[in-house]
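Structural characterization, general
Chain by chain, the residues run as shown.
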Amino acid sequence: MPDELRLFLKERFGVQGPLSPGRFEAELAKRLGSPARRAPLLKAWRAYLAQGGREAVRSFYREVLKVPKGEALVYGMHLPHLEFYAKELPPRVEGRVLEVGAFTGALVGFLQRKRPDLEWHALDGVEEAVALGKKRVPEVAWHLGWAEEVELSPFDTLLLLSVFPEGLVDQGLESRLAPEAFWKRFAFFERLPLFARLLRPGGLLVYGHGPFLGKSPEGVEEGLRRLGFDRVERVGEGEYFLVLARKPEALAAVRLEEREAPPPEEAEEVAVALEEARALLEAGRYAEALALLPEEAEGEAAYLRGRALFALSRHAEAEEALRRALSEEAEDLRALALVELGEYERARGRLEALAVRGGRYRLALGRVYLAQGRYADALRQFVESGLPEADLYTRETLERITERMRRFAREGEWAEVSRRAEFVEDLSPGLLTREMLRLGLKAALIQGLFARAERYARRLADLDEAEGFLGLALAALRVKSPLELRGGEDLKAVEPYLTEALSRAEIPEALLLLGVLREREGRFREALYLLERAAIRGEGEVAGMAYHHLAQVKRALRRPLKEVLGDHKRAHALRAYPAPYLFRLAQEALEGGEEVLARELLSRARDAGLEAVAEEDLTGLIHLLERLEGPWAAFSVLYQALSHTPQPPLELLALAYRLSRAFRESPEAGTARGQYLAALYAAGRAEEVGRLLEEELKAHPQALEVLFDLAEHHEAQGDWRRAAEFWQKALEVALYREKDLALAREILRNLLFLRPHDESLALYLEELKAVGEGLKALGEEAPHLPEAPRDLLEEDLPRFHGEHLVVVGGHTQLRSRLVPFLEGRGLRVDWYDADTVGVGKEALRRILNRLEKAHGLMIVSSYVGHDLSEPVRLEAERLGVPVHVIPGRARGTTGFLRALKQFAPEVLKRALKGVE
């Protein structure tokens, strides 16, 4: 046990070993060093030893806690006694245990570990010690205060260990005292009853003197017997002892100076006076009884005096007299006096123990809870007290509970509102006020508790409240509010409830429900009146729903479209419509000639998100946007929708192409055109592609992209002459209009591939050289051009040595021209063009088989033919084969050769690794 305790003290409190009080100053000097730093604690320590008193004790312990691990010094001085207590106490304590003067909780924390089945409490008067103890030993319930004053409910075991003599000793006191000297020195009979207040009758008191001087185990035993304690026993001998005793129902009044029995005549006079005072109290003659009892009375006389003063509402004097009575019945009455004085926390513990007696004790405890804001507990005490005078407090408590319900309702905490209404109802249904019923009804409906809602609504209906009849209607429909109507509810069945509610007050919800019923019945004139009243009187979403149905009724009555749509706008402002509904309203407004309204409704739909509209009716949305906001707004929505569509239909691509013509120079327009052309090729409508490109060229004769598309289109068709014409036009535009020498050089290379024997192409080469010389004369850099056209074809293209290249994409004419050329440069090529290779599993398998031994993969990502790139690219990445993608169109053979020149290092690097 000592080893276990010392390990616990070392881990949690830093205690290294025992410390003699005579070594305290030396140990302090070792820890702090500086005299200035240890001066405050030394001053407090000397005052603690010399002067004594509560303030000296408080000051010393406060200063100790300011020192690093200062609490270890205190526990070191008490360590031998702590070990004795830790050994003897665990098998003896019981029930709820309170240690008085626990400091930071070392002993009570260890005892709690040994007896976790008990309820442990700690009390100390030093605020800093309590705060630190809560951190050190959170398993224990902590209380702040001095035992002589604190008000706590009685405990089963009270530990007075090394605390009773503290503050009343000095260095000149003898180590051991005779009983009489002990009682006088420590005011035993005056002080111990103040401690014993914290112990229930029959509870166990454990007294330990600790390391202080002035020990007298015999004096403790005899003193406890004189006070009425029984089963007094001593544990231990010499310096280390404990005295255990059981508290009686009432402590005997013992005064040290009155140890000798009074003369018989005097005792008889006192007994006669007390008997007469009792009779006067029973007769209600409190002032006369008070005159018979001396002001400084003790014991039973003090109790009788306290009763008289309490009856006369002199509560402060009554509390003082009852404190001196030192009896259980006096403490019971004293708790009531403390309530009257407003000392609620001091009275609470005693009253909680007395509440089982009912009556005025429950009423007093309810007042304590009411003052502390524990309204539910207070209401329960008032109701269970059964006293008529509790009605006033009951009404006040109900008002406080209602205020909290209002606050929770404003904050949307309907579960809390419902919980409080249910508590009051369970306590007594008659306690529910009208406002509580209204709030409870709304909370029950919002939570979907329809049985409870019906119960509250019926109570309100019995009280002739309109909200009650509306609640009965909603509970019968099983809807939380009119906003949850879906169209299948039997409103006719609840019509009597609605009419009863409206006969008492124009509740917007009732007006709305009855108006919807009249609309369903086709009684539009009545519905119009009811819904207009609901819209005017309602708020928020209720008014929004009223405007919605009002618009539908006006539509049925053939009111002007502008008026109908105006109500829809008001409905949307209060209860937002989904975007598809707003879109349909905008369509209706445009068809009805209300273009301004259509624009406004379309704007609201855009705010709500056009994605949902696009999923339902994309074509209709595009046409509406084109008419109201122009081609760009329509194209933007369509372009975004197409980006999320894996295989968009040709009709939508055609629409996107048509819209993009208004801003054909934008990148988005180019993408739309490419997608449309690819779809036309995939559909086998190549002639239509040619016509489309011809029309584009007529509109913009200098458009290079169109010229490129036409050249590649005719190449794919095998029309070499027409292809060369368009490449030549593109060369002239690039050279003379755009002044782009690099592009012109590339187009010229492409023409040389198509017409290698055309001598006129040498003139373009000379023109490029002349422009380059001119640029050099101006001090600018110009690219070097070879002398012969043939050299231009092979310029910068490396020589290969049997490297294996797989090409996917492009068209047959591109492949037929380039494969011989590449093989002549030493490259082995497997080219799978889109014109001759399908997407079937067999074709894909053949490509992947060749890919395993390839040194590189090039993908011609052109819309001229089907694109096989994605599955092949993924397999190449898995195998570690380098991949190069030619984005967009290849611009003929030279575009492919330019890409190959960039990709050649990767192919050669792969080949050098020895991959076959």
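Residues numbered from 1 in each chain as written. Predicted model: local features only at pLDDT ≥ 70, side-chain atom pairs only at ≥ 80, totals over all residues. Heavy atoms only, no water.

1. Points about the overall build of the chain
On a plain count of helices and strands, the chain comes out with 44 helices and eleven strands. At a minimum sequence separation of 6, the contacts of the chain that also span at least 24 residues come to 63%. (Helix = DSSP H or I, 4+ residues; strand = E, 2+ residues; numbered from the N terminus. Contact = heavy atoms within 4.5 Å.)

2. Some remarks on the sheet that holds strand β10 (residues 856-860)
Read across the sheet, four strands follow the order β9-β8-β10-β11 without closing on themselves; strand pairing throughout is parallel. Of all strands in the sheet, those bounded by a partner on one side alone are β9 (827-832) and β11 (883-886). Within the sheet, the average angular offset between the axes of one strand and its neighbour, ignoring direction, is 20 degrees. Inspection of the sheet shows strand β8 (residues 803-809) paired to β9 by six bridges, in the parallel sense. Residue pairing for β9: Val806 is matched across the bridge by Asp830. Taken strand by strand, helix α43 (residues 869-879) contacts β8, β10 and β11, and its axis lies near 160 degrees from that of β10. (Pairing = 2+ DSSP bridges. Axes fitted to C-alpha atoms, helices over the stretch in contact; angles between N-to-C directions.)

3. With respect to the pairing of strand β5 (residues 199-208)
Burial within β5 is extensive, with seven of its ten residues counted as buried. Bridge count between strand β4 (residues 155-161) and β5: six bridges; the pairing is parallel. Paired with Leu161 across the two strands is Gly208, which belongs to β5. Pairing of β5 with strand β7 (residues 240-246), which is carried by four bridges, proceeds in the antiparallel orientation. Note that in β7 the partner of Leu205 across the bridge is Ala245. (Buried < 20%, exposed > 50% of the residue type's maximum accessible area, 1.4 Å probe, protein only.)

4. Remarks on the pattern of salt bridges
Counted under the stated rule, the structure contains 65 salt bridges. Linking Arg362 and Glu384 is a salt bridge whose minimum nitrogen-to-oxygen distance equals 3.3 Å. Of the two residues, Arg362 sits in helix α17 (residues 360-371) while Glu384 sits in helix α18 (residues 375-385), which places them 22 residues apart along the sequence. Residue Glu384 is classed as partly exposed on the basis of its relative accessible area of 38%. Asp830 serves as the salt-bridge partner of Arg850, at 2.7 Å between the closest nitrogen and oxygen. One end of the pair, Arg850, is in helix α42 (residues 841-851); the other, Asp830, is in strand β9, and 20 residues separate them in sequence. (Salt bridge = Lys/Arg side-chain N within 4 Å of Asp/Glu carboxyl O.)

5. As for helix α25 (residues 508-521)
Because each turn of an α-helix spans 3.6 residues, side chains separated by three or four positions in sequence point in the same direction. With 14 residues, α25 extends 20 Å between its outermost C-alpha atoms, agreeing within 8% with the 20 Å of an ideal straight helix rising 1.5 Å per residue. Of all 14 residues making up α25, eleven are buried, and the element is well covered by its neighbours. Turning to α25, its buried residues number three or more, namely Pro508, Ala510, Leu511, Leu512, Leu513, Leu514, Gly515, Val516, Leu517, Arg518 and Glu519. Here the buried face of α25 lies against α23 (466-477), α24 (495-504), α26 (524-537) and α27 (540-556). The first or second residue beyond α25 is Gly522, which carries a positive phi of 80 degrees. (Expected span 1.5 Å × (residues − 1).)

6. Re the packing of α18 against helix α20 (residues 414-427)
Following both chains from N to C, one finds α18 and α20 inclined at 10 degrees, their axes separated by 11 Å at the closest point. As far as their axial angle goes, α20 and α18 are roughly parallel. Here Ala376, Leu379, Arg380 and Val383 of α18 come into contact with α20, specifically with Phe423, Val424 and Leu427. (Parallel < 35°, antiparallel > 145°, perpendicular 65-115°, else oblique.)

7. A few points about the packing of aromatic side chains
How two aromatic rings sit relative to each other is given by the distance of their centres and the angle of their planes. In total, this model carries 13 aromatic pairs according to the counting rule given. Here Phe8 and Phe110 contribute two aromatic rings whose centre-to-centre distance is 5.8 Å and whose plane-to-plane angle is 55 degrees, an arrangement assigned as tilted. Of this pair, Phe8 sits in helix α1 (residues 2-13) while Phe110 is found in helix α6 (residues 106-114), placing the two residues 102 residues apart along the sequence. Relative to Tyr393, the ring of Phe382 has its centre 5.5 Å away and its plane inclined at 20 degrees; by these criteria the two rings are stacked. (Phe/Tyr/Trp six-rings, centres within 6.5 Å; stacked < 30°, edge-to-face > 60°.)

8. Here we look at the environment of Leu365
For Leu365, the position within the fold is in helix α17. For the pair Leu365 and Asp377, spaced twelve residues apart in sequence, the C-alpha to C-alpha distance is 9.0 Å. Beyond its immediate sequence surroundings of up to four residues, Leu365 is in contact with Arg348, Leu351, Glu352, Ala355 and Gln381.

9. A word on the side chain of His572
Along the chain, His572 turns up in helix α28 (residues 561-574). When its relative accessible area of 15% is taken as the criterion, His572 is described as buried. A distance of 3.0 Å separates the side chain of His572 from the backbone nitrogen of Tyr577, its partner in a polar contact. Other than its neighbours up to four places away in sequence, His572 contacts Tyr577, Leu582 and Arg604. (Polar contact = N/O pair within 3.5 Å; in protein donor to acceptor, adjacent residues only side chain to side chain.)

10. Focus on helix α22 (residues 450-462)
Spanning 13 residues, α22 covers 18 Å between terminal C-alpha atoms, matching the ideal 18 Å at 1.5 Å per step. Those residues of α22 that are buried lie in contact with α20, α21 (434-446) and α23. Count one or two residues on from α22 and you reach Asp464, which has phi positive near 65 degrees.

11. As for the packing of α21 against α22
The N-to-C vectors of α21 and α22 enclose an angle of 155 degrees; their axes lie 8 Å apart at closest approach. The angle between α21 and α22 falls in the class roughly antiparallel. By crossing handedness, the relation of α21 to α22 is classed as left-handed. Taking contact as the criterion, the partners of Arg434, Leu437, Arg438, Gly440, Leu441, Ala444 and Leu445 in α21 are, on α22, Phe450, Arg452, Ala453, Tyr456, Ala457, Arg459 and Leu460. Tallied by class, the residues present in the contact of α21 with α22 amount to nine nonpolar, one polar and four charged. (Left-handed = near helix turned anticlockwise from the far one by under 90°. Nonpolar A, V, L, I, M, F, W, Y, C, P; charged D, E, K, R; others polar.)

12. A short note on the nonpolar core
Counting residues in each nonpolar core, the largest one holds 177 residues, and the members touching the most others are Leu351 and Leu638. Look past the residues within four positions of Leu638 in its chain and what remains in contact with it is Leu618, Ile622, Leu652, Leu655, Ala656 and Leu659. (Core = buried A, V, L, I, M, F, W, Y, C linked by side-chain atoms within 4.5 Å.)

13. Some details on the side chain of His884
Mapped onto the secondary structure, His884 falls in strand β11. Judged by its relative accessible area of 18%, His884 is buried. Those residues in contact with His884, other than ones at most four positions away along the chain, are Leu857, Met858, Ile859, Ala899, Gln902 and Phe903.

14. A few points about unusual backbone geometry
The phi dihedral of Phe103 falls on the positive side, at around 55 degrees, and the residue is not glycine. Counting through the fold element by element, Phe103 comes out in the loop between β1 (96-100) and α6.

15. Here's the deal with the environment of Pro193
Tracing the backbone through its elements, the reader meets Pro193 in helix α9 (residues 188-196). Each C-alpha atom, one on Pro193 and one on Ala252, is 9.4 Å from the other, the two residues being 59 residues apart in sequence.

16. Describing the environment of Tyr61
Secondary-structure assignment places Tyr61 in helix α4 (residues 54-66). Given the relative accessible area of 7%, Tyr61 is considered buried. For the pair Tyr61 and Val126, spaced 65 residues apart in the sequence, the C-alpha separation amounts to 7.3 Å. Apart from residues lying up to four places away in sequence, Tyr61 is in contact with Tyr48, Val74, Phe103, Val126 and Glu166.

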